[in-house]
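Here are the chains, one letter per residue:
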Amino acid sequence: MRRLRNRSILGVCEDFEGKRNAKITLLDNFFLFLGTSLWNTFCTEQDKNHQDMKKILLFTLCLFALTAWAMPHKVAFKKLPLRSQHFVEQYFPQAKVISVELDRRSPSAEKYSVYFADGNEIEFDGGSGDYSQIVIRQGSLPMDVLPDRVAEYLRSNYPNVGVKMVQRLNDGYRLQLDNGSAIDFSKDGRRTERVGTE
């Protein structure tokens, strides 16, 4: 009976992970083993007095599994969405990627963070592969990254000022310049007082 119960739990986890095109990690296996061991040790089919214990253990197991699943972890560069890979190769061809992390904030909101040797960072949306934030610690952001209208505005109004950060928000873009100024633009590239949230 115990062997069948373990197999059914593993089968459910493997099916769930297979749908997400991901492998069960070592940490996931540890929590799965811990949960099934505790379940088999303390809760049996014949022991109806431990219903509350079963619920507590199941809740604790789910909490641990969700926490482990959502924690950022390193992945290979080729695990980035293709759009993100092309973006890095096109706009940062000389930069050396030292680390890529996958952050699963929720099942529908995965974020990838790419870290470069010079300290620069790019955060990508896992679904679309578009950048959501770029932080430049060394050098300046390539103007080609920005929409044409935004780049033209910066060339006209801030000709010798570099961009240190750009955030893509729901309603547009927020830029931080190396002179300390923060400028917001709408989605169509028009200068605005303030755009919405992420």
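So, here's what we can say about the structure. The structure displayed is predicted, hence computed values, not measured ones.

Quick look at the overall build of the protein now. When its secondary structure is counted, the protein shows 5 helices and 9 strands. Helices and strands appear in the protein in the N-to-C order α-α-α-β-α-β-β-β-β-α-β-β-β-β. Across the 198 residues in the protein, those meeting the buried criterion constitute 32%. In the protein, of all internal contacts separated by at least 6 residues, the share reaching a separation of at least 24 is 39%. Counting every atom, the protein has about 12,600 Å² of accessible surface; 54% of that belongs to carbon and sulfur.

The next thing to look at is helix H5 (residues 148-157). Of all the residues in H5, the buried ones are Val 150, Ala 151 and Leu 154. Mapping the buried residues of H5 onto a view down its axis gives an arc of 100 degrees, with all of them on the same face. Each element contacted by the buried residues of H5 is listed here: strand E6 (163-169), strand E7 (172-177) and strand E8 (182-186).

On to the environment of Gln 85, then. Residue placement: Gln 85 occurs in helix H4 (residues 82-91). For Gln 85 and Gly 129, which are 44 residues apart along the polypeptide, the C-alpha to C-alpha distance reads 8.5 Å.

Another point: the environment of Ile 136. Within the secondary structure, Ile 136 sits in the loop between strand E5 (131-135) and H5. When neighbours within four sequence positions are excluded, Ile 136 is seen to be in contact with Phe 92, Asn 120, Leu 141, Val 163 and Lys 164.

Quick look at the side chain of Gln 167 now. The residue Gln 167 is located in strand E6 in this model. The class of Gln 167 is buried, set by a relative accessible area of 12%. A polar contact is formed between the side chain of Gln 167 and the side chain of Gln 133, at a distance of 3.1 Å.

With respect to the helices, strands and loops of the structure, Leu 169 is situated in strand E6. Measuring from C-alpha to C-alpha, the distance between Leu 169 and Phe 185 comes to 9.8 Å, with 16 residues separating the pair along the chain.

Reading the values: the criteria
Residues numbered from 1 in each chain as written. Predicted model: local features only at pLDDT ≥ 70, side-chain atom pairs only at ≥ 80, totals over all residues. Heavy atoms only, no water. Helix = DSSP H or I, 4+ residues; strand = E, 2+ residues; numbered from the N terminus. Buried < 20%, exposed > 50% of the residue type's maximum accessible area, 1.4 Å probe, protein only. Contact = heavy atoms within 4.5 Å. Areas by Shrake-Rupley, 256 points an atom, 1.4 Å probe, with all protein chains shown as cover. Arc of directions from axis to C-beta. Polar contact = N/O pair within 3.5 Å; in protein donor to acceptor, adjacent residues only side chain to side chain.

Distances and angles like these do not, on their own, reveal function.
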